[in-house]
Amino acid sequence: MTYDFDRRIDRRHTRSYKWDQNDKLFGDPDILSLWVADMDFLSPPAVRAVLEKRASLGVYGYAIRTDSYFDAIVSWFERRHGWKIDPNWITDSPSIVTTLSLAVELFSEPGSQVVLQSPVYYPFYDVIQSNGRRVAKNPLVIRDGRFEMDFDGLEQLFRDGAKLLLLCSPHNPGGRVWEREELLQLGELCLKHGVTVVSDEIHCDLALSGHKHIPFASLSPELADITITCLAATKTFNLPGLHTSFAVASNPSIKRKFDHRIKTLSLHMAHHFAQDAVEAAYNEGEAWLDEMLAYVEGNLNYALAYFEEHLPEVKPLRPDGTYLLWLDCRGLNLDIKGLKDLMFNQAKVAFSEGSVFGTEGEGWLRINLACPRSIVEEALERFVRAARNR
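What counts and how
Residues numbered from 1 in each chain as written. Predicted model: local features only at pLDDT ≥ 70, side-chain atom pairs only at ≥ 80, totals over all residues. Heavy atoms only, no water. Phe/Tyr/Trp six-rings, centres within 6.5 Å; stacked < 30°, edge-to-face > 60°. Helix = DSSP H or I, 4+ residues; strand = E, 2+ residues; numbered from the N terminus. Lys NZ or Arg CZ within 6 Å of the ring centre and 35° of its normal. Expected span 1.5 Å × (residues − 1). Buried < 20%, exposed > 50% of the residue type's maximum accessible area, 1.4 Å probe, protein only. Arc of directions from axis to C-beta. Contact = heavy atoms within 4.5 Å. Pairing = 2+ DSSP bridges. Axes fitted to C-alpha atoms, helices over the stretch in contact; angles between N-to-C directions. Parallel < 35°, antiparallel > 145°, perpendicular 65-115°, else oblique. Left-handed = near helix turned anticlockwise from the far one by under 90°. Nonpolar A, V, L, I, M, F, W, Y, C, P; charged D, E, K, R; others polar.

Student: I would appreciate a short explanation of the packing of aromatic side chains in the present structure.
Tutor: Where two aromatic rings form a pair, the distance of their centres and the angle of their planes describe that pair. Under the defined criterion, the tally for this structure stands at 25 aromatic pairs. Judged by centre distance (6.2 Å) and plane angle (65 degrees), the rings of tyrosine 122 and phenylalanine 357 are edge-to-face. Remark: phenylalanine 357 occurs in the loop between strand E14 (352-353) and strand E15 (364-368) and tyrosine 122 occurs in the loop between strand E3 (113-116) and helix H5 (123-130); sequence separation between them is 235 residues. Three or more aromatic residues joined by ring pairs make a cluster, and in this case those are Tyr3, Phe5, Phe41, Trp76, Phe77, Trp83, Phe237, Phe246, Tyr282, Trp288 and Tyr295. Over the ring of tyrosine 295 we find arginine 373; its NZ or CZ atom is 5.3 Å from the centre of that ring.

Student: Even after reading the chapter, I still don't get helix H7 (residues 180-193), so can you show me in this structure?
Tutor: Helical geometry note: an α-helix holds 3.6 residues per turn, so side chains three or four residues apart project in the same direction. Relative to the 20 Å expected for 14 residues at 1.5 Å per residue, H7 spans 20 Å between its end C-alpha atoms, a close match to the ideal helical length. Looking at H7, one finds that the buried residues are Glu182, Leu183, Leu186, Gly187, Leu189, Cys190 and His193. Summarising the axial view, the buried residues of H7 lie within an arc of 160 degrees, below the 170-degree limit, and thus occupy one face. Turned more than 90 degrees away from the buried face of H7, the exposed residues are Glu181, Glu188 and Lys192. Each element contacted by the buried residues of H7 is listed here: helix H6 (151-159), strand E7 (164-168), strand E8 (196-200) and helix H8 (221-224).

Student: Help me understand the sheet that holds strand E4 (residues 134-137) in this model?
Tutor: Hydrogen bonding along the main chain pairs the strands of a sheet, whether they run parallel or antiparallel. Read from one edge to the other, the open sheet built from seven strands follows the order E2-E10-E9-E8-E7-E3-E4, with strand pairing classed as mixed. Edge positions in the sheet fall to strand E2 (90-93) and E4, since each has one partner strand and no second. Direction aside, the axes of adjacent strands within the sheet are offset by 25 degrees on average. Here E7 pairs with E8 via five bridges, running parallel. Residue pairing for E8: leucine 165 is matched across the bridge by valine 197. Packed onto the sheet, helix H10 (residues 252-264) meets E2, strand E9 (227-231) and strand E10 (245-248) and runs at close to 30 degrees relative to E2.

Student: Explanation requested: the packing of helix H3 (residues 67-81) against helix H12 (residues 286-310) in the structure shown.
Tutor: In contact at an axis separation of 13 Å, H3 and H12 are set at 45 degrees when each is read in the N-to-C sense. It follows that H3 is oblique to H12 by the angle criterion. Between H3 and H12 the crossing geometry is right-handed. From H3, Trp76, Arg79 and Arg80 reach across to H12, where they touch Glu286, Leu289, Asp290 and Leu293. Broken down by class, the residue content of the contact of H3 with H12 amounts to three nonpolar, no polar and four charged.

What follows is the structure, given as structure tokens:
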């Protein structure tokens with residue numbers, strides 16, 4: 001490999017959200033952290049170089065966006081996903097969750113139901129409830145070792161009046177990369193019932209071997225017209241601390257409403273560093289991404305084999321994409337408190353406890369595999385040893 005993903009980088013004492021809260025959250029500063037979905041890899045060299053150059057200016061005044069930024073986004077999505085985006089469809093937003101929250105505020109009514117497909121990334125619940133809306137669950141079902149959508153249940157929610165769907169594509173925590181036929185069936189229901197779709201596609205670049213992400217809005221002009229897509233380079237290239245993302249909406253009405261709210265909240269100004277990082281990542285980070293995905297897939301294969309050999313009562317769902325592993329630990333016969341005790345106190349590891357993704361996640365854990373293989377090995381050894389010795 002050209003890039004060294006085996007290198008262990010000590011991120012402690014760097015104000016790391018992932019590593020510098022271990023004592024506060026888990027009771028031990030030396031716990032191995034494999035929970036928050038950021039990587040323990042260096043970002044691509046081109047990103048680091050452009051940020052160093054930008055920092056060397058020494059003057060950190062207000063910034064603007066240039067055409068080169070939008071060109072980099074447009075080129076990336078056409079190259080990697082076959083999706084032709086008009087630069088005029090793009091609006092910057094500080095984060096995916098910001099976009100989700102604003103979309104709930106703008107495209108649903110107070111007190112109305114907003115649909116999510118659980119278990120799902122926990123801020124989906126927050127943005128619905130914090131905006132005074134009600135969570136309408138359309139739980140995913142497990143068939144043949146993978147999540148699938150319950151279309152009958154979904155249509156019933158639409159019949160009951162829900163007009164907004166928060167789609168997680170690829171799915172977090174389950175790692176599903178939804179197939180064209182599934183997305184078309186979903187889209188048909190949304191068009192039939194007049195439902196607007198907010199599609200969180202932050203993991204779009206992280207499809208694994210044999211799988212291809214399909215942007216929901218790319219399926220047809222009719223589906224694009226009812227969709228606002230949430231995107232970012234941050235998950236792909238390990239840039240989340242730069243707080244940069246963008247929304248794509250081809251429908252002028254949706255775009256206009258979203259832009260107005262962004263400006264009203266004064267969230268429209270350009271970040272001093274973010275544009276440079278995103279441009280460099282999309283223009284020069286492709287080889288790094290391909291190697292990173294191959295490395296993560298190696299971590300995944302290691303983890304699947306390790307659990308099968310050493311703790312077969314734990315059943316992972318093999319993901320189609322993302323660097324996350326959703327782990328069925330119900331065979332350990334532990335409740336939420338018991339799983340936390342097993343992780344934090346006995347094994348000294350921090351995975352994400354599944355109930356934060358919804359009640360359907362109780363008894364499950366989510367492991368972040370975007371770290372050096374030695375960390376994965378050590379974490380799994382600790383966890384399995386603790387599970388065996390309890």
